[in-house]
Amino acid sequence: MAVVRDEIAAMSRNLNDAAAQGLRHIKSRWPLEDMLAADLVAAAARRIDALLGVRVTASDVDPQCWLKVDSYSLIQALLHLASRLVGEYGVRQLQLRLLESQGRAQLDLVWAALAISTETVTTWETETISGADNTSPLSVRDVVERHGGAFWFERDRVRQEAFFRMLLPLAGDNAPLERAAQLGTGSQAGDQTGGHADSRPEFYDFDLFAHATEATTAQGDTALRDLIYTVFDTETTGLQPGAGDEIIQIGATRIVAGKLRRQECFEQLVNPGRSVPAAGVAIHGIEAAQLQGQPTIATVLPAFHAFALDTVLVAHNAAFDMRFLQLKEASTGLRFGQPVLDTLLLSELIHPQQDSHGLDAIAERLGVPILGRHTALGDAIVTAEVFVKMLPLLQALGITTLAQALAASRDTYRARVKY
């Protein structure tokens with residue numbers, strides 16, 4: 001019995017040490033990315049409403065405010081707190097608001113005032129996060145501490161409301177422009193000979209793994225090196241495909257048998273039928289005058305569709321570009337139903353400890369020269385060269401077929417974000 005007790009104690013210590021090490025590992029992998037505050041609040045509101053069935057409103061959100069956050073963990077934390085309010089206190093209406101104060105953002109989850117003890121709040125803050133569709137080894141306190149912020153509960157007796165408040169870091173003063181957050185993957189700030197900014201903010205409004213099941217099944221067992229790829233990129237008028245932004249340039253190149261074929265390329269400017277914001281012109285350099293007389297997307301998309309036919313699509317932050325293509329399905333009658341690989345997700349597989357998976361950062365890690373940037377074709381070529389460098393690294397991880405690459409990508413940290 002003494003031996004059994006000693007062994008149990010030793011196993012308990014080992015398990016506790018392993019759990020602590022695992023938690024530290026998870027925290028070290030959290031990337032903090034620039035994100036528009038309004039997008040974070042809208043995503044959180046949609047998530048809470050969809051999973052808990054409560055009405056969530058957003059107010060007092062500065063449309064020009066940018067945050068440096070991990071949106072996935074923050075939305076998990078908000079969903080956890082909201083689920084506790086709904087499940088234990090029957091709250092049916094919530095409000096999200098976000099204000100700037102003294103160099104920090106104040107993100108509030110608000111409800112009509114009711115009595116909640118400090119002990120209850122402390123429990124919710126320190127227990128592991130759980131929600132309607134997810135669990136996590138992290139707590140709300142872990143999430144807030146990772147952002148270098150603070151969390152507390154407060155009552156406003158005048159307004160007769162109560163709220164949880166999180167203090168979050170703001171992005172740089174000119175983060176949208178300096179980080180090329182206005183336009184497509186290749187829309188990087190800086191000149192073509194100088195410094196490169198990070199990639200545009202990550203985009204999750206498209207499910208890369210649900211739209212191409214038939215094509216994926218047919219090619220799933222094919223070795224990655226034996227596939228034909230169309231690597232592409234788009235330049236756009238802005239970041240909101242569902243709010244009227246349009247494609248102004250498509251560029252693509254080909255990879256066959258693991259080799260980049262620069263001579264097989266597609267490049268075309270597109271008349272968007274709308275104005276091009278000055279902030280975008282400062283990044284990609286495409287003026288409205290250059291688009292006059294160019295064909296519309298109704299003409300360009302069929303040509304690109306034919307170029308990419310029967311190939312696997314590859315892009316960096318592919319959900320952004322694919323969402324623009326998806327929105328044109330009804331008007332053009334075309335569907336891009338082939339499998340899609342995303343170099344952003346593949347980079348997380350290959351280098352999970354790296355904080356940045358922007359295209360420039362990946363290219364630097366893999367020794368790919370940054371040339372011809374700031375055009376759709378130039379960025380497609382850089383992405384293609386990065387992808388070719390990734391193929392042997394994926395093979396070393398045991399990822400040799402298309403089905404394995406898609407399955408591994410689906411399980412990455414960023415692919416879990418859906419809103």
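Residues numbered from 1 in each chain as written. Predicted model: local features only at pLDDT ≥ 70, side-chain atom pairs only at ≥ 80, totals over all residues. Heavy atoms only, no water.

### A few points about the pattern of salt bridges
- In the structure shown here, the tally under the stated rule is 14 salt bridges.
- Residue R84 pairs with E127 through a salt bridge whose shortest N-O separation is 2.8 Å. Pair noted here: R84 is in helix α3 (residues 71-89) and E127 is in the loop between α4 (118-126) and β6 (128-130), with a separation of 43 residues, a long-range link.
- Here E127 falls in the partly exposed class, since its relative accessible area comes to 21%.
- The residue D156 makes a salt bridge to R159 at a minimum N-O spacing of 4.0 Å.
- The exposure class of D156 is partly exposed, given its relative accessible area of 22%.
- In this structure R159 comes out as exposed when scored by relative accessible area, which is 54%. (Salt bridge = Lys/Arg side-chain N within 4 Å of Asp/Glu carboxyl O. Helix = DSSP H or I, 4+ residues; strand = E, 2+ residues; numbered from the N terminus. Buried < 20%, exposed > 50% of the residue type's maximum accessible area, 1.4 Å probe, protein only.)

### Some remarks on the sheet that holds strand β12 (residues 259-269)
- The strand order β12-β11-β10-β13-β14 describes an open sheet built from five strands, whose pairing is mixed. Pairing within the sheet leaves two strands with one partner each, and these edge strands are β12 and β14 (340-342). Taking each pair of neighbouring strands and ignoring which way they run, the sheet shows an average axis angle of 25°.
- Here strand β10 (residues 228-236) runs beside strand β11 (residues 247-256); their pairing, made up of nine bridges, is antiparallel. Paired with D233 across the two strands is G251, which belongs to β11. (Pairing = 2+ DSSP bridges. Axes fitted to C-alpha atoms, helices over the stretch in contact; angles between N-to-C directions.)

### So, the nonpolar core
- Counting 58 residues, the largest nonpolar core has L224, Y229, F304 and L341 as the members making the most contacts within it.
- Here this core gets seven residues from one element, more than from any other, and that element is helix α15 (residues 376-396).
- The contact partners of Y229, leaving out residues within four places of it in the chain, are L224, T253, R254, I255, T311, V312, V314, L341 and F387.
- Counting 44 residues, the second-largest nonpolar core is a separate cluster that includes M35, V144, F153 and L168. (Core = buried A, V, L, I, M, F, W, Y, C linked by side-chain atoms within 4.5 Å. Contact = heavy atoms within 4.5 Å.)

### Some thoughts on unusual backbone geometry
- In this structure, Q160 is a non-glycine residue whose phi angle is positive, near 55°.
- Looking at the element boundaries, Q160 is found in the loop between β8 (150-156) and β9 (161-169).
- We note that D310 has phi near 60°; this positive angle belongs to a residue other than glycine.
- With respect to the element layout, D310 can be found in the loop between α10 (297-308) and β13 (312-315).

### As for the packing of aromatic side chains
- Considering all chains together, one arrives at 12 aromatic pairs under this definition.
- Above the plane of the ring of F163 lies R97, whose end atom (NZ or CZ) is 4.9 Å from the centre.
- Directly above the ring of F307 sits R254, whose terminal nitrogen or CZ lies 4.0 Å from the centroid. (Phe/Tyr/Trp six-rings, centres within 6.5 Å; stacked < 30°, edge-to-face > 60°. Lys NZ or Arg CZ within 6 Å of the ring centre and 35° of its normal.)

Everything listed here is a matter of coordinates, which is why it stays silent on function.
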